[in-house]
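# Examination of the molecular architecture
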Protein chains: 2
Amino acid sequence: MEIPVIRDVLEESNERARENRTVFDRYGVFVANIMSSPGSGKTTILQKTIPVLRENGLACAIIEGDITSTLDSEKLKPLGVPIVQANTEPFGGDCYVGPHLVQAALRYLDLASIHILFIENIGNLVCPAEFYLGEDCKVVVLSLAEGEDKPLKYPLMFRECHLCLLNKMDLAPYLDIDLNVFESNIQKINSQLKVIMVSAKTGFGFLAWIEWLLEQSKTRNSTAR
Amino acid sequence: MEIPVIRDVLEESNERARENRTVFDRYGVFVANIMSSPGSGKTTILQKTIPVLRENGLACAIIEGDITSTLDSEKLKPLGVPIVQANTEPFGGDCYVGPHLVQAALRYLDLASIHILFIENIGNLVCPAEFYLGEDCKVVVLSLAEGEDKPLKYPLMFRECHLCLLNKMDLAPYLDIDLNVFESNIQKINSQLKVIMVSAKTGFGFLAWIEWLLEQSKTRNSTAR
(Lines give C-alpha, C1' and ligand atoms only; values in the text may rest on other atoms or scores of the structure.)
Protein backbone atom coordinates (compact mmCIF):
# COMPACT_ATOMS: atom_id res chain seq x y z
CA MET A 1 0.00 0.00 0.00
CA GLU A 2 1.42 3.37 -1.00
CA ILE A 3 1.08 6.06 1.62
CA PRO A 4 -0.14 9.30 0.06
CA VAL A 5 2.11 12.20 1.01
CA ILE A 6 0.83 15.73 1.10
CA ARG A 7 3.70 17.67 -0.32
CA ASP A 8 5.18 20.84 1.03
CA VAL A 9 2.64 23.65 0.71
CA LEU A 10 5.19 25.99 -0.83
CA GLU A 11 6.16 23.34 -3.41
CA GLU A 12 2.48 22.96 -4.29
CA SER A 13 2.26 26.73 -4.61
CA ASN A 14 5.35 26.92 -6.84
CA GLU A 15 3.88 24.26 -9.12
CA ARG A 16 0.80 26.44 -9.68
CA ALA A 17 3.14 29.39 -10.33
CA ARG A 18 5.10 27.42 -12.92
CA GLU A 19 1.84 26.52 -14.65
CA ASN A 20 0.99 30.25 -14.75
CA ARG A 21 4.47 30.94 -16.15
CA THR A 22 3.92 28.41 -18.94
CA VAL A 23 0.68 30.17 -19.88
CA PHE A 24 2.34 33.61 -19.83
CA ASP A 25 5.16 32.31 -22.04
CA ARG A 26 2.72 30.77 -24.50
CA TYR A 27 1.05 34.15 -25.05
CA GLY A 28 4.17 36.31 -24.59
CA VAL A 29 2.61 38.27 -21.72
CA PHE A 30 4.88 40.27 -19.43
CA VAL A 31 3.67 40.09 -15.83
CA ALA A 32 4.46 42.54 -13.02
CA ASN A 33 3.53 41.73 -9.42
CA ILE A 34 2.99 45.05 -7.60
CA MET A 35 3.24 44.86 -3.80
CA SER A 36 3.19 47.32 -0.88
CA SER A 37 1.73 48.23 2.50
CA PRO A 38 -1.90 49.34 2.51
CA GLY A 39 -2.31 52.81 1.05
CA SER A 40 1.13 53.21 -0.54
CA GLY A 41 -0.34 54.11 -3.90
CA LYS A 42 -0.38 50.94 -6.05
CA THR A 43 -3.77 51.71 -7.57
CA THR A 44 -2.97 55.35 -8.33
CA ILE A 45 0.30 54.26 -9.95
CA LEU A 46 -1.63 51.89 -12.23
CA GLN A 47 -4.14 54.65 -13.04
CA LYS A 48 -1.29 56.86 -14.25
CA THR A 49 0.85 54.15 -15.86
CA ILE A 50 -1.58 52.26 -18.06
CA PRO A 51 -2.62 55.20 -20.32
CA VAL A 52 1.07 55.88 -21.07
CA LEU A 53 1.66 52.24 -21.95
CA ARG A 54 -1.37 52.36 -24.24
CA GLU A 55 0.14 55.39 -26.01
CA ASN A 56 3.20 53.19 -26.52
CA GLY A 57 1.07 50.53 -28.20
CA LEU A 58 0.93 48.15 -25.25
CA ALA A 59 -2.35 46.53 -24.17
CA CYS A 60 -2.62 46.00 -20.43
CA ALA A 61 -4.81 44.02 -18.06
CA ILE A 62 -5.08 43.91 -14.29
CA ILE A 63 -5.65 41.21 -11.70
CA GLU A 64 -6.83 43.23 -8.71
CA GLY A 65 -6.09 41.50 -5.41
CA ASP A 66 -8.07 42.40 -2.31
CA ILE A 67 -9.35 40.55 0.71
CA THR A 68 -12.78 41.97 0.10
CA SER A 69 -14.50 44.79 -1.87
CA THR A 70 -14.16 45.91 -5.48
CA LEU A 71 -13.14 49.47 -4.60
CA ASP A 72 -9.84 49.47 -6.47
CA SER A 73 -11.35 47.77 -9.54
CA GLU A 74 -13.99 50.48 -9.66
CA LYS A 75 -11.28 53.15 -9.55
CA LEU A 76 -9.46 51.42 -12.41
CA LYS A 77 -12.55 50.71 -14.54
CA PRO A 78 -12.40 54.05 -16.42
CA LEU A 79 -9.05 52.90 -17.88
CA GLY A 80 -11.06 50.57 -20.13
CA VAL A 81 -8.68 47.63 -19.75
CA PRO A 82 -9.69 44.09 -18.71
CA ILE A 83 -9.76 43.79 -14.90
CA VAL A 84 -10.35 40.67 -12.85
CA GLN A 85 -11.15 41.26 -9.20
CA ALA A 86 -9.47 38.52 -7.15
CA ASN A 87 -10.83 38.55 -3.62
CA THR A 88 -9.20 36.20 -1.15
CA GLU A 89 -12.18 36.00 1.19
CA PRO A 90 -13.63 32.91 -0.55
CA PHE A 91 -10.04 31.53 -0.48
CA GLY A 92 -9.85 31.77 3.34
CA GLY A 93 -9.17 35.50 3.65
CA ASP A 94 -5.53 35.05 2.66
CA CYS A 95 -3.42 38.16 3.21
CA TYR A 96 -1.63 37.69 -0.15
CA VAL A 97 -2.43 36.86 -3.75
CA GLY A 98 -1.36 33.25 -4.28
CA PRO A 99 -0.62 31.54 -7.60
CA HIS A 100 -3.85 29.51 -7.37
CA LEU A 101 -5.81 32.77 -7.27
CA VAL A 102 -3.92 34.07 -10.31
CA GLN A 103 -4.68 30.80 -12.07
CA ALA A 104 -8.38 31.23 -11.32
CA ALA A 105 -8.29 34.84 -12.54
CA LEU A 106 -6.58 33.92 -15.84
CA ARG A 107 -9.72 32.10 -16.96
CA TYR A 108 -11.38 35.50 -17.35
CA LEU A 109 -8.64 37.08 -19.47
CA ASP A 110 -7.95 36.83 -23.21
CA LEU A 111 -4.17 36.68 -22.91
CA ALA A 112 -3.68 36.66 -26.69
CA SER A 113 -4.66 40.34 -26.75
CA ILE A 114 -2.58 41.45 -23.72
CA HIS A 115 1.05 42.60 -23.61
CA ILE A 116 1.43 43.53 -19.95
CA LEU A 117 -0.48 42.04 -17.03
CA PHE A 118 -0.33 43.82 -13.68
CA ILE A 119 -1.12 41.88 -10.53
CA GLU A 120 -1.98 44.37 -7.80
CA ASN A 121 -1.32 42.38 -4.68
CA ILE A 122 -3.04 42.81 -1.30
CA GLY A 123 -1.71 45.67 0.83
CA ASN A 124 0.76 43.82 3.04
CA LEU A 125 4.53 44.13 3.30
CA VAL A 126 5.00 40.62 4.71
CA CYS A 127 3.38 37.54 3.16
CA PRO A 128 2.97 38.56 -0.51
CA ALA A 129 6.79 38.53 -0.73
CA GLU A 130 6.82 34.80 0.02
CA PHE A 131 4.92 33.62 -3.05
CA TYR A 132 6.09 33.23 -6.62
CA LEU A 133 3.11 33.75 -8.92
CA GLY A 134 4.82 33.05 -12.24
CA GLU A 135 5.50 36.77 -12.80
CA ASP A 136 8.42 38.37 -14.67
CA CYS A 137 9.12 41.03 -12.09
CA LYS A 138 8.23 42.03 -8.56
CA VAL A 139 7.84 45.71 -7.72
CA VAL A 140 7.50 47.09 -4.20
CA VAL A 141 5.86 50.47 -3.76
CA LEU A 142 6.93 52.28 -0.59
CA SER A 143 5.23 55.47 0.50
CA LEU A 144 7.61 58.14 1.79
CA ALA A 145 5.22 58.60 4.73
CA GLU A 146 6.00 55.06 5.95
CA GLY A 147 9.50 56.02 7.06
CA GLU A 148 13.08 55.07 6.21
CA ASP A 149 13.26 51.92 8.33
CA LYS A 150 10.83 49.72 6.39
CA PRO A 151 13.46 47.83 4.32
CA LEU A 152 15.23 46.84 7.55
CA LYS A 153 12.00 45.72 9.24
CA TYR A 154 10.50 43.87 6.25
CA PRO A 155 13.66 42.59 4.58
CA LEU A 156 12.18 39.70 2.58
CA MET A 157 10.04 42.05 0.48
CA PHE A 158 13.06 44.17 -0.42
CA ARG A 159 15.20 41.10 -1.08
CA GLU A 160 12.65 39.57 -3.47
CA CYS A 161 11.85 42.66 -5.54
CA HIS A 162 13.48 43.95 -8.71
CA LEU A 163 12.35 47.54 -8.33
CA CYS A 164 11.30 49.82 -5.50
CA LEU A 165 9.05 52.75 -6.37
CA LEU A 166 9.49 55.32 -3.61
CA ASN A 167 6.11 57.01 -3.91
CA LYS A 168 4.46 60.18 -2.54
CA MET A 169 7.62 62.22 -3.18
CA ASP A 170 5.32 65.27 -3.18
CA LEU A 171 5.09 64.85 0.63
CA ALA A 172 8.89 65.09 1.10
CA PRO A 173 8.85 68.75 2.27
CA TYR A 174 6.37 67.89 5.04
CA LEU A 175 8.02 64.75 6.43
CA ASP A 176 11.10 64.40 8.64
CA ILE A 177 12.67 62.04 6.15
CA ASP A 178 16.26 61.67 5.04
CA LEU A 179 16.18 60.34 1.46
CA ASN A 180 19.79 59.20 1.72
CA VAL A 181 18.91 57.04 4.72
CA PHE A 182 15.95 55.64 2.77
CA GLU A 183 18.16 54.59 -0.12
CA SER A 184 20.99 53.31 2.03
CA ASN A 185 18.57 51.15 4.06
CA ILE A 186 17.28 49.64 0.84
CA GLN A 187 20.84 49.02 -0.36
CA LYS A 188 21.74 47.35 2.95
CA ILE A 189 19.07 44.70 2.32
CA ASN A 190 19.46 44.36 -1.44
CA SER A 191 22.24 46.17 -3.24
CA GLN A 192 20.76 45.05 -6.60
CA LEU A 193 17.37 46.67 -5.99
CA LYS A 194 16.79 49.61 -8.29
CA VAL A 195 15.01 52.56 -6.66
CA ILE A 196 12.95 55.11 -8.60
CA MET A 197 11.45 58.08 -6.76
CA VAL A 198 7.97 58.92 -7.99
CA SER A 199 4.83 60.83 -7.14
CA ALA A 200 1.69 59.26 -8.54
CA LYS A 201 -0.07 62.49 -7.63
CA THR A 202 2.15 64.86 -9.64
CA GLY A 203 3.61 62.43 -12.20
CA PHE A 204 7.16 63.05 -10.93
CA GLY A 205 9.52 60.20 -11.87
CA PHE A 206 7.02 58.41 -14.12
CA LEU A 207 9.23 58.70 -17.18
CA ALA A 208 11.96 56.67 -15.44
CA TRP A 209 9.46 54.10 -14.12
CA ILE A 210 7.82 53.54 -17.49
CA GLU A 211 11.18 53.33 -19.24
CA TRP A 212 12.24 50.68 -16.73
CA LEU A 213 9.03 48.75 -17.33
CA LEU A 214 9.37 48.92 -21.14
CA GLU A 215 12.98 47.81 -20.90
CA GLN A 216 12.03 44.87 -18.66
CA SER A 217 9.13 43.81 -20.87
CA LYS A 218 11.51 43.76 -23.85
CA THR A 219 14.17 41.65 -22.19
CA ARG A 220 11.62 39.51 -20.30
CA ASN A 221 13.98 38.18 -17.69
CA SER A 222 11.77 35.55 -16.16
CA THR A 223 12.04 35.06 -12.42
CA ALA A 224 10.98 31.42 -12.82
CA ARG A 225 12.44 29.30 -10.04
CA MET B 1 -6.86 3.22 22.55
CA GLU B 2 -7.70 6.93 22.58
CA ILE B 3 -6.89 8.78 19.40
CA PRO B 4 -5.13 12.06 20.17
CA VAL B 5 -6.85 14.97 18.40
CA ILE B 6 -4.99 18.13 17.50
CA ARG B 7 -7.52 20.80 18.24
CA ASP B 8 -8.42 23.75 16.13
CA VAL B 9 -5.43 26.08 15.83
CA LEU B 10 -7.49 29.13 16.76
CA GLU B 11 -8.85 27.35 19.85
CA GLU B 12 -5.28 26.51 20.85
CA SER B 13 -4.38 30.15 20.32
CA ASN B 14 -7.33 31.41 22.39
CA GLU B 15 -6.33 29.08 25.24
CA ARG B 16 -2.89 30.75 25.35
CA ALA B 17 -4.64 34.14 25.28
CA ARG B 18 -6.87 33.19 28.21
CA GLU B 19 -3.78 32.11 30.16
CA ASN B 20 -2.27 35.54 29.43
CA ARG B 21 -5.53 37.17 30.59
CA THR B 22 -5.39 35.26 33.88
CA VAL B 23 -1.86 36.55 34.46
CA PHE B 24 -2.86 40.14 33.61
CA ASP B 25 -5.83 39.90 35.99
CA ARG B 26 -3.67 38.53 38.80
CA TYR B 27 -1.40 41.58 38.61
CA GLY B 28 -4.07 44.12 37.61
CA VAL B 29 -2.23 45.07 34.43
CA PHE B 30 -4.16 46.90 31.70
CA VAL B 31 -3.07 45.71 28.26
CA ALA B 32 -3.46 47.57 24.95
CA ASN B 33 -2.78 45.84 21.64
CA ILE B 34 -1.67 48.50 19.13
CA MET B 35 -2.04 47.54 15.47
CA SER B 36 -1.60 49.25 12.08
CA SER B 37 -0.08 49.09 8.62
CA PRO B 38 3.71 49.48 8.44
CA GLY B 39 4.76 53.05 9.10
CA SER B 40 1.49 54.42 10.49
CA GLY B 41 3.18 55.76 13.60
CA LYS B 42 2.68 53.19 16.39
CA THR B 43 6.19 53.65 17.78
CA THR B 44 6.06 57.45 17.69
CA ILE B 45 2.69 57.36 19.45
CA LEU B 46 4.21 55.26 22.24
CA GLN B 47 7.20 57.62 22.45
CA LYS B 48 4.82 60.51 23.10
CA THR B 49 2.25 58.66 25.22
CA ILE B 50 4.35 56.90 27.84
CA PRO B 51 5.95 60.03 29.40
CA VAL B 52 2.46 61.52 29.93
CA LEU B 53 1.24 58.32 31.58
CA ARG B 54 4.28 58.39 33.84
CA GLU B 55 3.39 61.97 34.87
CA ASN B 56 -0.02 60.52 35.79
CA GLY B 57 1.65 57.97 38.07
CA LEU B 58 1.29 55.00 35.71
CA ALA B 59 4.19 52.62 35.10
CA CYS B 60 4.29 51.24 31.55
CA ALA B 61 6.03 48.41 29.73
CA ILE B 62 6.20 47.42 26.07
CA ILE B 63 6.20 44.16 24.17
CA GLU B 64 7.67 45.22 20.83
CA GLY B 65 6.56 42.96 17.98
CA ASP B 66 8.61 42.76 14.80
CA ILE B 67 9.46 40.10 12.28
CA THR B 68 13.11 40.97 12.64
CA SER B 69 15.35 43.79 13.96
CA THR B 70 15.29 45.72 17.24
CA LEU B 71 14.93 49.13 15.56
CA ASP B 72 11.72 50.14 17.32
CA SER B 73 12.95 48.92 20.70
CA GLU B 74 16.05 51.06 20.28
CA LYS B 75 13.86 54.09 19.53
CA LEU B 76 11.81 53.39 22.66
CA LYS B 77 14.78 52.63 24.95
CA PRO B 78 15.27 56.27 26.05
CA LEU B 79 11.79 56.10 27.67
CA GLY B 80 13.40 54.03 30.42
CA VAL B 81 10.52 51.53 30.66
CA PRO B 82 10.86 47.74 30.44
CA ILE B 83 10.78 46.59 26.79
CA VAL B 84 10.76 43.03 25.50
CA GLN B 85 11.57 42.63 21.82
CA ALA B 86 9.37 39.86 20.41
CA ASN B 87 10.64 38.87 16.99
CA THR B 88 8.55 36.36 15.05
CA GLU B 89 11.40 35.09 12.89
CA PRO B 90 12.28 32.27 15.31
CA PHE B 91 8.51 31.61 15.47
CA GLY B 92 8.25 30.99 11.72
CA GLY B 93 8.30 34.62 10.55
CA ASP B 94 4.65 35.10 11.53
CA CYS B 95 3.13 38.35 10.26
CA TYR B 96 1.36 38.97 13.59
CA VAL B 97 2.07 38.81 17.31
CA GLY B 98 0.38 35.66 18.61
CA PRO B 99 -0.59 34.90 22.21
CA HIS B 100 2.20 32.32 22.50
CA LEU B 101 4.73 35.05 21.72
CA VAL B 102 3.17 37.34 24.35
CA GLN B 103 3.36 34.44 26.82
CA ALA B 104 7.05 34.01 26.06
CA ALA B 105 7.64 37.75 26.45
CA LEU B 106 5.88 37.92 29.83
CA ARG B 107 8.67 35.84 31.40
CA TYR B 108 10.91 38.88 31.05
CA LEU B 109 8.55 41.38 32.71
CA ASP B 110 7.90 42.08 36.40
CA LEU B 111 4.15 42.56 36.07
CA ALA B 112 3.76 43.48 39.75
CA SER B 113 5.40 46.83 39.01
CA ILE B 114 3.49 47.60 35.78
CA HIS B 115 0.14 49.34 35.34
CA ILE B 116 -0.16 49.49 31.55
CA LEU B 117 1.39 47.08 29.07
CA PHE B 118 1.50 48.06 25.40
CA ILE B 119 1.85 45.36 22.78
CA GLU B 120 3.10 46.99 19.60
CA ASN B 121 1.99 44.51 16.97
CA ILE B 122 3.69 43.87 13.62
CA GLY B 123 2.87 46.38 10.89
CA ASN B 124 0.07 44.56 9.09
CA LEU B 125 -3.59 45.50 8.69
CA VAL B 126 -4.72 41.90 8.08
CA CYS B 127 -3.66 39.01 10.31
CA PRO B 128 -2.99 40.72 13.67
CA ALA B 129 -6.76 41.44 13.81
CA GLU B 130 -7.48 37.69 13.90
CA PHE B 131 -5.77 36.92 17.20
CA TYR B 132 -6.91 37.55 20.75
CA LEU B 133 -3.83 38.00 22.93
CA GLY B 134 -5.57 38.39 26.29
CA GLU B 135 -5.54 42.19 26.00
CA ASP B 136 -8.08 44.67 27.41
CA CYS B 137 -8.34 46.77 24.29
CA LYS B 138 -7.36 46.79 20.63
CA VAL B 139 -6.33 50.05 19.02
CA VAL B 140 -5.81 50.54 15.29
CA VAL B 141 -3.60 53.38 14.13
CA LEU B 142 -4.39 54.60 10.63
CA SER B 143 -2.16 57.12 8.90
CA LEU B 144 -4.03 59.82 7.01
CA ALA B 145 -1.66 59.17 4.10
CA GLU B 146 -3.09 55.65 3.66
CA GLY B 147 -6.38 56.97 2.30
CA GLU B 148 -10.06 56.90 3.26
CA ASP B 149 -10.86 53.45 1.87
CA LYS B 150 -8.83 51.33 4.31
CA PRO B 151 -11.72 50.46 6.69
CA LEU B 152 -13.71 49.11 3.71
CA LYS B 153 -10.76 47.09 2.40
CA TYR B 154 -9.56 45.70 5.74
CA PRO B 155 -12.88 45.41 7.60
CA LEU B 156 -11.91 42.81 10.21
CA MET B 157 -9.33 45.15 11.78
CA PHE B 158 -11.89 47.92 12.13
CA ARG B 159 -14.54 45.52 13.40
CA GLU B 160 -12.26 44.12 16.13
CA CYS B 161 -10.86 47.39 17.47
CA HIS B 162 -12.18 49.62 20.26
CA LEU B 163 -10.40 52.77 19.12
CA CYS B 164 -9.02 54.14 15.87
CA LEU B 165 -6.26 56.73 16.11
CA LEU B 166 -6.29 58.65 12.85
CA ASN B 167 -2.64 59.73 12.83
CA LYS B 168 -0.48 62.17 10.84
CA MET B 169 -3.19 64.83 10.94
CA ASP B 170 -0.39 67.34 10.31
CA LEU B 171 -0.31 66.05 6.71
CA ALA B 172 -4.00 66.86 6.11
CA PRO B 173 -3.34 70.10 4.17
CA TYR B 174 -1.11 68.22 1.70
CA LEU B 175 -3.33 65.20 1.01
CA ASP B 176 -6.47 64.95 -1.13
CA ILE B 177 -8.39 63.53 1.78
CA ASP B 178 -11.96 64.07 2.88
CA LEU B 179 -12.05 63.57 6.65
CA ASN B 180 -15.82 63.07 6.58
CA VAL B 181 -15.41 60.17 4.15
CA PHE B 182 -12.71 58.74 6.42
CA GLU B 183 -15.02 58.77 9.44
CA SER B 184 -18.09 57.57 7.55
CA ASN B 185 -16.14 54.61 6.10
CA ILE B 186 -15.07 53.65 9.62
CA GLN B 187 -18.66 53.97 10.85
CA LYS B 188 -19.92 51.80 7.97
CA ILE B 189 -17.76 48.93 9.22
CA ASN B 190 -18.12 49.50 12.96
CA SER B 191 -20.49 52.14 14.27
CA GLN B 192 -19.16 51.53 17.82
CA LEU B 193 -15.55 52.32 16.92
CA LYS B 194 -14.39 55.55 18.53
CA VAL B 195 -12.15 57.70 16.33
CA ILE B 196 -9.63 60.18 17.69
CA MET B 197 -7.65 62.35 15.27
CA VAL B 198 -4.04 62.81 16.36
CA SER B 199 -0.63 63.86 15.17
CA ALA B 200 2.20 62.08 16.94
CA LYS B 201 4.51 64.67 15.37
CA THR B 202 2.80 67.78 16.77
CA GLY B 203 0.98 66.28 19.77
CA PHE B 204 -2.43 67.24 18.34
CA GLY B 205 -5.24 65.17 19.83
CA PHE B 206 -3.07 63.49 22.47
CA LEU B 207 -5.13 64.85 25.35
CA ALA B 208 -8.21 63.01 24.04
CA TRP B 209 -6.25 59.80 23.37
CA ILE B 210 -4.66 59.70 26.80
CA GLU B 211 -7.97 60.51 28.51
CA TRP B 212 -9.55 57.60 26.62
CA LEU B 213 -6.72 55.30 27.71
CA LEU B 214 -6.94 56.37 31.36
CA GLU B 215 -10.73 55.91 31.32
CA GLN B 216 -10.35 52.43 29.79
CA SER B 217 -7.65 51.38 32.24
CA LYS B 218 -9.94 52.42 35.12
CA THR B 219 -12.98 50.52 33.90
CA ARG B 220 -10.92 47.59 32.59
CA ASN B 221 -13.56 46.16 30.32
CA SER B 222 -11.90 42.90 29.44
CA THR B 223 -12.33 41.65 25.88
CA ALA B 224 -11.94 38.07 27.14
CA ARG B 225 -13.74 35.63 24.90
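About the thresholds
- Residues numbered from 1 in each chain as written.
- Chains lettered and ligands numbered in written order.
- Predicted model: local features only at pLDDT ≥ 70, side-chain atom pairs only at ≥ 80, totals over all residues.
- Heavy atoms only, no water.
- Pairing = 2+ DSSP bridges.
- Helix = DSSP H or I, 4+ residues; strand = E, 2+ residues; numbered from the N terminus.
- Axes fitted to C-alpha atoms, helices over the stretch in contact; angles between N-to-C directions.
- Contact = heavy atoms within 4.5 Å.
- pLDDT = per-residue confidence, 0-100.
- Least-squares fit on C-alpha atoms with pLDDT ≥ 70 in both.
- Right-handed = clockwise from strand over helix to strand, strands pointing away.
- Buried area = accessible area lost by both parts, 1.4 Å probe.
- Salt bridge = Lys/Arg side-chain N within 4 Å of Asp/Glu carboxyl O.
- Polar contact = N/O pair within 3.5 Å; in protein donor to acceptor, adjacent residues only side chain to side chain.
- Nonpolar A, V, L, I, M, F, W, Y, C, P; charged D, E, K, R; others polar.
- Buried < 20%, exposed > 50% of the residue type's maximum accessible area, 1.4 Å probe, protein only.
- Arc of directions from axis to C-beta.
- Expected span 1.5 Å × (residues − 1).

## So, the sheet that holds strand β4 (residues 116-120) of chain A
Residues and elements named next belong to chain A.
- Read from one edge to the other, the open sheet built from seven strands follows the order β3-β2-β4-β1-β5-β6-β7, with strand pairing classed as parallel. Of all strands in the sheet, those with a lone pairing partner are β3 (83-87) and β7 (194-197), marking the two edges. Direction aside, neighbouring strands of the sheet carry axes that sit 20° apart on average.
- As defined by bridge partners, strand β2 (residues 60-66) adjoins β4 across five bridges and the pair is classed as parallel. Directly across from C60, in β4, lies its bridge partner I116.
- Set on the sheet, helix α2 (residues 42-55) makes contact with β1 (30-36), β2, β4, β5 (137-143) and β6 (163-167); between it and β4 the angle comes to about 170°.

## Examining the confidence of the model for chain A
All names here are of chain A.
- Chain-level pLDDT for chain A is 93 on average; 95% of the residues reach the 70-or-more range.
- Within the model, the stretch residues 221-225 combines pLDDT values under 50 with 17 contacts to residues more than four positions away or in other chains.
- Across the interface, the model reports ipTM at 0.89; the global pTM reads 0.92.

## Thoughts on the environment of Q103 of chain A
Residues and elements named next belong to chain A.
- Considering the arrangement of structural elements, one finds Q103 in helix α4 (residues 99-106).
- A sequence separation of 86 residues divides Q103 from A17, and the C-alpha atoms of the two residues are 8.1 Å apart.
- In this view, Q103 contacts R16, E19 and N20; residues no more than four positions away in its chain are not counted.

## Thoughts on the relation of the copies chain B and chain A
- Once turned by 180° and shifted 0.0 Å along the axis, chain B lies on chain A with an RMSD of 0.1 Å. On this basis, the relationship between the two copies can be described by a two-fold rotation axis.
- An overlap of 100% is found between the interface residues of chain B and their copies at the interface of chain A, pointing to a shared contact surface.

## What to know about the sheet that holds strand β4 (residues 116-120) of chain B
Residues and elements named next belong to chain B.
- With respect to topology, seven strands assemble into an open sheet ordered β3-β2-β4-β1-β5-β6-β7, the strand pairing being parallel. Two strands close off the open sheet at either side, each with one partner strand: β3 (83-87) and β7 (194-197). When the angles between neighbouring strand axes are averaged without regard to direction, this sheet yields 20°.
- Against the sheet, helix α2 (residues 42-55) contacts β1 (30-36), β2 (60-66), β4, β5 (137-143) and β6 (163-167), and its axis sits at roughly 170° relative to β4.

## Some thoughts on the pairing of β7 of chain B
All names here are of chain B.
- Here four bridges tie β6 to β7, and the two strands are oriented parallel to one another. In the sheet register, C164 faces β7, and the bridge partner there is V195.
- Handedness of the crossover joining β6 and β7 through helix α7 (residues 179-189) is recorded here as right-handed.

## Regarding the interface of chain B and chain A
- Contacts between chain B and chain A engage 31 residues on the former and 31 residues on the latter.
- Summed over both sides, the interface between chain B and chain A buries roughly 2,600 Å², with carbon and sulfur atoms accounting for 61% of that surface.
- Taken as a group, P38, K153 and Y174 of chain B account for 23% of the area that chain B buries against chain A, more than any other trio of residues on that side.
- One salt bridge connects D66 of chain B with K153 of chain A, and the closest N-O pair in it is separated by 3.6 Å.
- For the interface between chain B and chain A, the tally reads ten residue pairs in polar contact (both at pLDDT 80 or more).
- Counting residues per element, the ones that place at least two in the side of chain B that touches chain A are α3 (71-76) and α5 (150-153) of chain B.
- Residues that form the side of chain B that touches chain A fall into these classes: 15 nonpolar, six polar and ten charged.

## Considering helix α7 (residues 179-189) of chain A
Residue and element names in this part refer to chain A.
- Buried within α7 we find F182, N185, I186 and I189. In an axial view of α7, the angular spread of the buried residues amounts to 100°, which keeps them on one side of the axis. Residues of α7 that are exposed and point more than 90 degrees away from the buried face comprise N180 and K188.
- Taking the backbone nitrogen of N180 as reference, a side-chain oxygen 2.9 Å away marks D178 as the first, capping residue of α7.

## Some words on the pairing of β4 of chain B
- For β4 of chain B, a buried count of five out of five residues is recorded, marking the element as mostly surrounded by other parts of the structure.
- Every second residue of β4 of chain B is oriented toward a common face, with I116, F118 and E120 of chain B on one face and L117 and I119 of chain B on the other, all of them buried.

## A closer look at α2 of chain B
- Compared with the 20 Å implied by 1.5 Å per residue over 14 residues, the 20 Å span of α2 of chain B between its first and last C-alpha is a close match.
- What α2 of chain B keeps buried is the set K42, T43, I45, L46, T49, I50 and L53 of chain B.

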